[in-house]
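One letter stands for each residue in the lines below.
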Amino acid sequence: MIEQVTVKNFKSLADVTIDFGRFNCFVGLNGAGKTTILQVLDFISQQMRGDVGTWLEERGWTADDLRFGDGVGQPVLHTMLEVRFRLKSGDLLCWTGTFDPAHLQLLGEVALLMTEPPQQLLATTAERLTLDDIGLELTFTYEGSVLSQLRGQLLSEPLREFKEALINMRSLYLLAPHLLRRSSRLNGHTDLSAGGDGLPSFLGKIQGSAKDHLEKMLQVFYPRINGFNITTTPDGLQRLAVYEQDSFVTQASHVNDGLLRVLAILAQLEYDNANILVLDEIENGINPEITEKLVDLLVQCPAQIIVTTHSPMILNYVRDEVAKTAVQFVFKDQRGQTSVKPFFSLPATAEKLVHMGPGEAFVDTNLNQLTEAFLQAKKTSAPLLP
Amino acid sequence: MIVVLSGEGKSDLGHCGNSQGQCRTPDFIPGPMTWLADQIIAQRLQYSLLDDTPFQYIFIAKPRLLALEQQRKLELGKISLPGKKREQETAYFHINAWMLGEEALRLQEEHRDQAIAILFRDRDGTNSAHAGLWEDKWNSLVSGFARSRLDDRGVPMLPKPISEAWLLCAAQAHPYQNCAALEDMPGNDKSPNDLKSALKAAYGRNLSSVEQVEWLREHGYDDEEAASQMPSLQKFRHSLHVALTSLGLPPHNGVQQ
């Protein structure tokens, strides 16, 4: 599980450290940097896959678009990334590297097992790679992390677990109804893209009892739905259709947004080894009647969940003790730098939580004033609640 | 008639001497604001509930109100959102009134007697949790009572900025003079010239809540005169009269509220 991420110089994340728990919900005003946090997580995941160029291209960005610029002083070129990751063994792994936009590569990559004393698992320089005290010449070129180029067998167990966890991070932060509805090309990618493109192919992989189970889970949310089916057209396109109790068939192009989103989320959680799932504006298309079920699913599932929301309904179904740490307020200072603090860590918001639900407290709070209060607390070093 | 009371602490409506969540005489120790409310009720009844039938007061301590709020949080659909009918930063007041109103209606059933409820709040604007305007707070208390269905038998008691302003109006060197200005004095006791220090100076020393009630008994309180100068007291007084009228009590001085 990711416990902490520190980022320097990634869009509005000029210098920010974010703590994570099992369930994490980012809230804040438009433009505060919520989606940027999800983007940097996806960016970190991409380091483990390599091919950062394609990742940038898919978003219509260049590497220069990543850097923070407030018009004051010379812009910094590189982006610094640090991830603290809790391994299944209970040990903490600290991985860090500096992204060089010229070569789309992580420089000075280091992974430490934070035991006593710390144990270096990985270190890179421009020419050399040190892996478990064994030094190697770097004779190949790569994008992202050097780990993207190393097979699992070469890696120690902690590094392998870390790499797989980040590769299996599923970022659906661009999830869009029109992409979820789109037919997939047979024999194309079978992974779901950040936008939800490829859903029919992805669901097509799920067969037999696994499909029955997924359909049963879908019925928890939508009792009238009997199941789904993937059909292949003569021209090689895979299409999703949904069956209702009265055998009424609805093609994906006419299925409601909420159902498609829930289906995508359920499928990711159950059948994709997704141990970290990232979702933007989780409430989109979800009617209030199933909000509680969705929140319960996300809070209780074994995967690490990272979402953003503007919805008091979503937040109100989070238990108070979870909300105290899970609901994180994202805000910008006058220079446009994003900061993140637990929403209920100010005495004023903590008191609200005593009297009202997390969603009620959220929506009862003027977020502009809250931003000022956090900035003031930072200035005066006023203690935040633990 | 029963009068259900809930406040902030000893120095306003009073407290439960037995540390219970809910109490009546002799466990209920009334504070100066209960005495003031009792005086206004007495004008309609022609006798004092505190003196003659004090068991008609039921005090709900803050922990009990909090427990009711916790229960609400678990009930689906009992959610309060800001909107056209309620401003941001007022949910605390709204929910307080809502819960007290529901409890008053429950006590009404239990005691088979008509209930009114008085909810005292005087947090000033320096607490950012409740940084809304006085009018917004008042309206949220009214809407909270409305949501509970207690409607106009729920009475907000919301001194501006704190209850000491109302008391100082009578206790100052020149009683009932320039009391309107007291509503603009700082309620925060960390401020210079704050109301708490001014009241202490007016009394000559720090009086306990019981001693403040004795002071009021001895010196009396011209609520009509004070209310004519202090809009927050006027609003309370008017609201209390409306509640008493809705119980069918005869008009005050021949004037139906």
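What counts, and at which threshold
Residues numbered from 1 in each chain as written. Chains lettered and ligands numbered in written order. Predicted model: local features only at pLDDT ≥ 70, side-chain atom pairs only at ≥ 80, totals over all residues. Heavy atoms only, no water. Helix = DSSP H or I, 4+ residues; strand = E, 2+ residues; numbered from the N terminus. Buried < 20%, exposed > 50% of the residue type's maximum accessible area, 1.4 Å probe, protein only. Contact = heavy atoms within 4.5 Å. Disulfide = S-S within 2.5 Å. 1 Å grid on protein atoms, 1.4 Å probe; cavity = no way out; pocket = protein on both sides within 12 Å on 5 of 7 lines; lining within 4 Å. Points joined across faces, edges and corners; volume = space filled by probe spheres on them. Nonpolar A, V, L, I, M, F, W, Y, C, P; charged D, E, K, R; others polar. Buried area = accessible area lost by both parts, 1.4 Å probe. Salt bridge = Lys/Arg side-chain N within 4 Å of Asp/Glu carboxyl O. Polar contact = N/O pair within 3.5 Å; in protein donor to acceptor, adjacent residues only side chain to side chain. pLDDT = per-residue confidence, 0-100. Pairing = 2+ DSSP bridges. Axes fitted to C-alpha atoms, helices over the stretch in contact; angles between N-to-C directions. Expected span 1.5 Å × (residues − 1).

With that settled, the discussion passes to the overall build of chain A. Of the regular secondary structure elements, chain A holds 13 helices and 18 strands. Taken along its principal axes, the extent of the C-alpha atoms in chain A is 60 × 55 × 40 Å. Across the 386 residues in chain A, those meeting the buried criterion constitute 55%. Restricting to contacts in chain A with at least 6 residues of sequence separation, those with at least 24 account for 58%.

Okay, the state of the cysteines next. In this structure the tally under the stated criterion is two disulfides over all chains. The residue that forms a disulfide with Cys 16 of chain B is Cys 23 of chain B, at a sulfur-sulfur distance of 2.1 Å. When the S-S torsion is -95°, as for the bridge of Cys 16 of chain B with Cys 23 of chain B, the disulfide is left-handed. Take Cys 16 of chain B: its relative accessible area is 10%, and that puts it in the buried class. One disulfide in the model links Cys 169 of chain B with Cys 179 of chain B; its S-S distance is 2.1 Å. Taking the torsion about the S-S bond as the criterion, the Cys 169 of chain B to Cys 179 of chain B disulfide, at about 90°, is right-handed. Of the two residues, Cys 169 of chain B is situated in helix 6 (residues 163–171) and Cys 179 of chain B in the loop between helix 6 and helix 7 (195–203); the sequence distance between them amounts to 10 residues. Each bonded cysteine of chain B gets a number by its place in the sequence, and the pairs then read 1-2, 3-4. Cysteine Cys 301 of chain A remains unbridged, with the sulfur of Cys 25 of chain A as its closest cysteine sulfur at 14 Å. With relative accessibility at 11%, the residue Cys 301 of chain A sits in the buried group.

Let's shift gears to empty space enclosed by the protein. Residues and elements named next belong to chain A. Summed over all chains, the structure comprises one cavity of 30 Å³ or more. For the largest cavity, the calculated volume is near 30 Å³. Along the walls of the largest cavity sit Asn 9, Ala 63, Leu 66, Arg 67, Leu 77, Thr 79, Phe 99 and Pro 101, which together make up its complete lining. Broken down by class, the residue content of the lining of the largest cavity amounts to five nonpolar, two polar and one charged.

Turning our eyes to something else, we now look at the interface of chain B and chain A. Between chain B and chain A, the residue contacts involve 25 residues of the former and 20 residues of the latter. Buried surface at the junction of chain B and chain A, both sides included, amounts to about 1,700 Å², of which 51% is carbon and sulfur. We note a salt bridge from Asp 364 of chain A to Arg 86 of chain B, for which the minimum N-O separation is 3.2 Å. Remark: the boundary between chain B and chain A carries 16 residue pairs in polar contact (both at pLDDT 80 or more). Where the side of chain B that touches chain A is concerned, the elements lending two or more residues are helix 3 (62–74) and helix 4 (91–111) of chain B. Counting residues per element, the side of chain B that touches chain A draws most heavily on helix 3 of chain B, which supplies five residues. The residue makeup of the side of chain B that touches chain A, split by class, is nine nonpolar, eight polar and eight charged.

A few words on the layout of surface pockets. Here the largest pocket defines a volume of roughly 840 Å³. As for the largest pocket, its lining consists of 29 residues, of which Glu 58, Asp 191, Leu 192, Ser 193 and Ala 194 of chain A are closest to the centre. Counting only elements with at least two residues in the lining of the largest pocket, the list comes to helix 1 (34–49), helix 2 (52–58), strand 10 (169–172) and strand 11 (184–185) of chain A. For the lining of the largest pocket, the element with the most residues is strand 10 of chain A, which contributes four residues. Taken together, the residues of the lining of the largest pocket break down into seven nonpolar, 12 polar and 10 charged. By volume, the second largest pocket amounts to about 640 Å³. In terms of lining residues, the second largest pocket is bounded by 26 residues, among which Glu 292, Asn 316 and Tyr 317 of chain A together with Lys 73 and Leu 74 of chain B are the most central. For the lining of the second largest pocket, the secondary structure elements donating two or more residues are helix 8 (288–300), helix 9 (312–316), helix 10 (320–326) and helix 12 (358–364) of chain A together with helix 3 of chain B.

On to the confidence of the model for chain B, then. On average, residues of chain B score 91 in pLDDT, and 94% of them are at 70 or above. For this predicted complex, the interface confidence score (ipTM) comes to 0.81, while the overall pTM stands at 0.87.

Bringing the pairing of strand 8 (residues 128–131) of chain A into the picture now. Residues and elements named next belong to chain A. The alternating pattern of strand 8 places Leu 129 and Leu 131 on a buried face, while none of Arg 128 and Thr 130, on the opposite face, is buried. Here three bridges tie strand 7 (residues 119–124) to strand 8, and the two strands are oriented antiparallel to one another. Within strand 8, the residue paired with Leu 122 across the bridge is Leu 131. Between strand 7 and strand 8, which follow one another and run antiparallel, lie three residues. Bridging between strand 8 and strand 9 (residues 134–137) involves four bridges; their strand directions are antiparallel. Paired with Thr 130 across the strands is Gly 135, a residue of strand 9.

This part is about the sheet that holds strand 18 (residues 338–342) of chain A. Residue and element names in this part refer to chain A. Strand order in the open sheet formed by six strands is 10-15-16-3-17-18, with mixed pairing between adjacent strands. This sheet does not close on itself; its edge strands, each paired only once, are strand 10 and strand 18. Within the sheet, the average angular offset between the axes of one strand and its neighbour, ignoring direction, is 20°. Here strand 10 runs beside strand 15 (residues 276–279); their pairing, made up of four bridges, is parallel. Note on strand 15: the bridge partner recorded for Leu 172 is Leu 279. Each of strand 3 (23–28), strand 10, strand 15, strand 16 (304–308), strand 17 (327–332) and strand 18 touches helix 1; the most contacted strand, strand 10, lies at about 140° to it.

All right, on to helix 1 of chain A then. All names here are of chain A. The end-to-end C-alpha distance of helix 1 is 23 Å, a good match for the 22 Å that 16 residues give at a rise of 1.5 Å each. Most of helix 1 sits inside the fold, with 14 of its 16 residues counted as buried. At the C-terminal side of helix 1, Gly 50 shows a positive phi close to 80°.

What follows concerns the confidence of the model for chain A. Averaged over all residues, the pLDDT of chain A equals 91, while 96% of them reach at least 70. Across chain A, strand 17 of chain A holds the top mean pLDDT of 98, while strand 11 of chain A sits lowest at 80.

Our focus in this paragraph is the pattern of salt bridges. Any two side chains of opposite charge can pair, on the condition that their charged atoms come close. Within the structure shown, the criterion is met by 27 salt bridges over all chains. Ionic pairing is found between Glu 75 of chain B and Lys 78 of chain B, a salt bridge with its closest N-O pair at 3.6 Å. Residue Glu 75 of chain B is classed as partly exposed on the basis of its relative accessible area of 33%. A salt bridge links Glu 102 of chain B to Lys 78 of chain B; the nearest nitrogen and oxygen atoms lie 2.9 Å apart. Placement of Glu 102 of chain B in helix 4 and of Lys 78 of chain B in the loop between helix 3 and helix 4 is noted, with a sequence separation of 24 residues between them. Look at Glu 102 of chain B and you get partly exposed, because its relative accessible area is 28%. It is possible to trace a salt-bridge network through shared partners that takes in Lys 352 and Asp 364 of chain A together with Arg 86 and Glu 89 of chain B.

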